[in-house]
Amino acid sequence: MKVLSKIAAVATLVALAACTNPDRFGSDDAVNLNNSAGGSGLVSDPTSPAYFQQAIGDRVLFAVDQSNLSDEAQAILSAQAQWLLTNTDYSATIEGHADEQGTREYNLALGARRANAAREFLISRGVAGTRLKTVSYGKERPIEICSDEACYSKNRRAVTVLASGLTS
Amino acid sequence: MIRFLTSLLVGATLLAAPVHAQNQPLRITIDEGIIEPLPLAVPNFVPDGAAATEYAAQIARVVAADLTGSGLFREIPSTAYISQVTSFDAPVQFADWKAINAQALVTGSVSLSGDRLTVRFRLWDVFAGTELGSGLQFAGTTDGWRRMAHKVADAVYSRITGEGGYFDSRVVFVSESGPKDQRRKRLAIMDYDGANVQYLTDSSSIVLAPRFSPTGDRVLYTSYQGGFPRIHILDVGRVEQRVLQSQEGTMSFAPRFSPDGQTVLFSLSQGGNTDLYTMNIASGQSARLTSAPSIETAPSYSPDGSRIVFESDRSGTPQLYIMSASGGEAQRISFGQGRYGTPVWSPRGDLIAFTKQNKGRFHIGVMRTDGSEERLLTASFLDEGPTWSPNGRVIMFTRETQGADGRASLYSVDISGRNLRPVRTPDGGSDPTWSPLLE
């Protein structure tokens, strides 16, 4: 019963999350969509995914062709790690992305590097590796669609997408 | 589901042909020097009975479109004709065709019996006043009428250029719809010229970069079905697909068949690092070919299967390398300015097509297998992903336009850089893979 009510609650939140999280994709592409809680809850509640996404920041950005983490990125990931250490009910998939400059194949590999850089940092801050998956979307899922650096800089990203209910 | 793939049986028969002395046959030598396309007349084929009239006209149109589309021929419009071809077996009035400067003339006939078409054709060297080669006859079902037209065009192309044709072939590609940030992708198959588009997957998952098997019966591609990129294999005739490669915690992509069709060569990312692997399709047994912290991806076999060309950023930027098919030491072959990717070995073995990115522009280019004689064929905001025509003369690729309403579509260009033309598809298109010439 407990599990069922939890799923029902999450399902409701998913509907809300659809409009608050621009990084959620079509159903088959989203990992554990039924359990997804990205962006849900109130930003004022520090235990909520909304707080994780908006107050802490769910994404870090990268320089062209690079996967090393800037000071700013490390600060965000440190805060993400703290949150994950406190909210142990959540696991996460880190999605690596690239801008459209570059071939499809290279960008897939580059996105994998970026996602892994973020994952390794979270692990170095104490988050169990078993809670962290990675996936690369290469240049397949830009969030900004202009063909300028203003957009490219936001597309070169690693996004930590929370999923709940995976720990028992 | 895909009727034209399975039901069409085309039989070719040599027609008894009049014997002519062949002096100085009509000939195009494909090289850098061709500027002027050869003038050609393709009058509507002669229908054997009223029921065949529409087929007779349409088949001639497809033959003409194939040949002019190659950039090597120019069609003389029927309004310029002095005489009409009303009988397939009547003597050709060479003077009438010579007067309008038709150097080559294709005549044909079409008969229809039930759902079976029989197409006969002859190719004439107008100025020599002789038949070039022998008459040929193709028979098949009506749903394969375009294939019969392509076969006629292939025979004409082959007789005049001395090289294999490429018209009776298909292309699998990614059909794209929707805006850039919500693009929907699904696999589709079509004739090489964009006709007969049929969809092979739905668009519920991202699909990328299909690759034909050497015999055209199967396609490898990458799909996000299940949430992670994994390599799938699809039986083209039965439209059945399955996951080929799946390993927990990894992503696999950029697959390519070996020339014998038994092995898949691909990239696998694990712990953020991407290397090259092979897997035997029947046994599932895999081998690791590279082991470096750099990115190794976009591999392609030489036609004899002995070597692999691939893309790596081990030098700091993406460049092209060649190594033995079993792995080991690799030689860098790209040394020009910029970044190189997606190398594809030509079916003739002599050239490697690639994507090049330099100074904010993308190019499709070709180079010899030792990296010499680099030649850029195109330039645009974003060109990528070349695939070779079966005869190694034409390259099809993806062109994506710039900006928020950017759209991907297919283009082809010949390896001299001439004859750049769009390949029309119902929606956007990307990642073409060209089949071998059909049997």
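For the structure, check the block above.
Analysis parameters
Residues numbered from 1 in each chain as written. Chains lettered and ligands numbered in written order. Predicted model: local features only at pLDDT ≥ 70, side-chain atom pairs only at ≥ 80, totals over all residues. Heavy atoms only, no water. Pairing = 2+ DSSP bridges. Helix = DSSP H or I, 4+ residues; strand = E, 2+ residues; numbered from the N terminus. Axes fitted to C-alpha atoms, helices over the stretch in contact; angles between N-to-C directions. Disulfide = S-S within 2.5 Å. Buried < 20%, exposed > 50% of the residue type's maximum accessible area, 1.4 Å probe, protein only. Expected span 1.5 Å × (residues − 1). Contact = heavy atoms within 4.5 Å. Buried area = accessible area lost by both parts, 1.4 Å probe. Salt bridge = Lys/Arg side-chain N within 4 Å of Asp/Glu carboxyl O.

A. Structural view of the sheet that holds strand 22 (residues 319-324) of chain B. Residue and element names in this part refer to chain B. Here we have four strands laid out as an open sheet, ordered 20-21-22-23, and antiparallel in their pairing. Across the chains shown, the open sheet's two edge strands, defined by having one partner strand only, are strand 20 (296-301) and strand 23 (327-332). Averaged over neighbouring strand pairs, the angle between their axes works out to 30 degrees when direction is ignored. The sheet contact formed by strand 22 and strand 23 spans four bridges and is antiparallel. In the sheet register, Ser324 faces strand 23, and the bridge partner there is Gly327.

B. Layout of the state of the cysteines. Residue and element names in this part refer to chain A. Enumeration over the complete set of coordinates arrives at one disulfide over all chains. Disulfide partner of Cys146: Cys151, at an S-S distance of 2.0 Å. Looking along the S-S bond of the Cys146-Cys151 disulfide, the torsion reads about 120 degrees, which is the right-handed sense. According to the relative accessible area criterion, Cys151 is buried, its value standing at 8%.

C. Looking closely at helix 2 (residues 53-69) of chain B. Residues and elements named next belong to chain B. A rise of 1.5 Å per residue sets the reference length of helix 2, with its 17 residues, at 24 Å; its end C-alpha atoms lie 24 Å apart and thus fit the reference within 8%. For helix 2, the complete set of buried residues consists of Ala56, Ala57, Ile59, Ala60, Val62, Val63, Ala64, Asp66, Leu67 and Gly69. Immediately downstream of helix 2, the backbone of Gly71 shows phi near 80 degrees, a positive value.

D. Layout of the interface of chain A and chain B. Contacts between the two partners involve 31 residues from chain A and, on the opposite side, 47 residues from chain B. Of the roughly 3,200 Å² buried between chain A and chain B, counting both surfaces, carbon and sulfur atoms make up 54%. Where chain A touches chain B, the interface holds seven salt bridges. The salt bridge partner of Glu105(A) is Arg211(B), with a shortest N-O separation of 3.2 Å.

E. View of the pairing of strand 16 (residues 250-257) of chain B. Residue and element names in this part refer to chain B. Extensive coverage of strand 16 is indicated by the burial of eight of its eight residues. Two elements, strand 16 and strand 17 (residues 263-270), share six bridges in a ladder whose sense is antiparallel. What sits directly across from Ser252, in strand 17, is Leu268. Here strand 16 folds back onto strand 17 in antiparallel fashion, the turn holding five residues, of which Gly261 has a positive phi close to 75 degrees.

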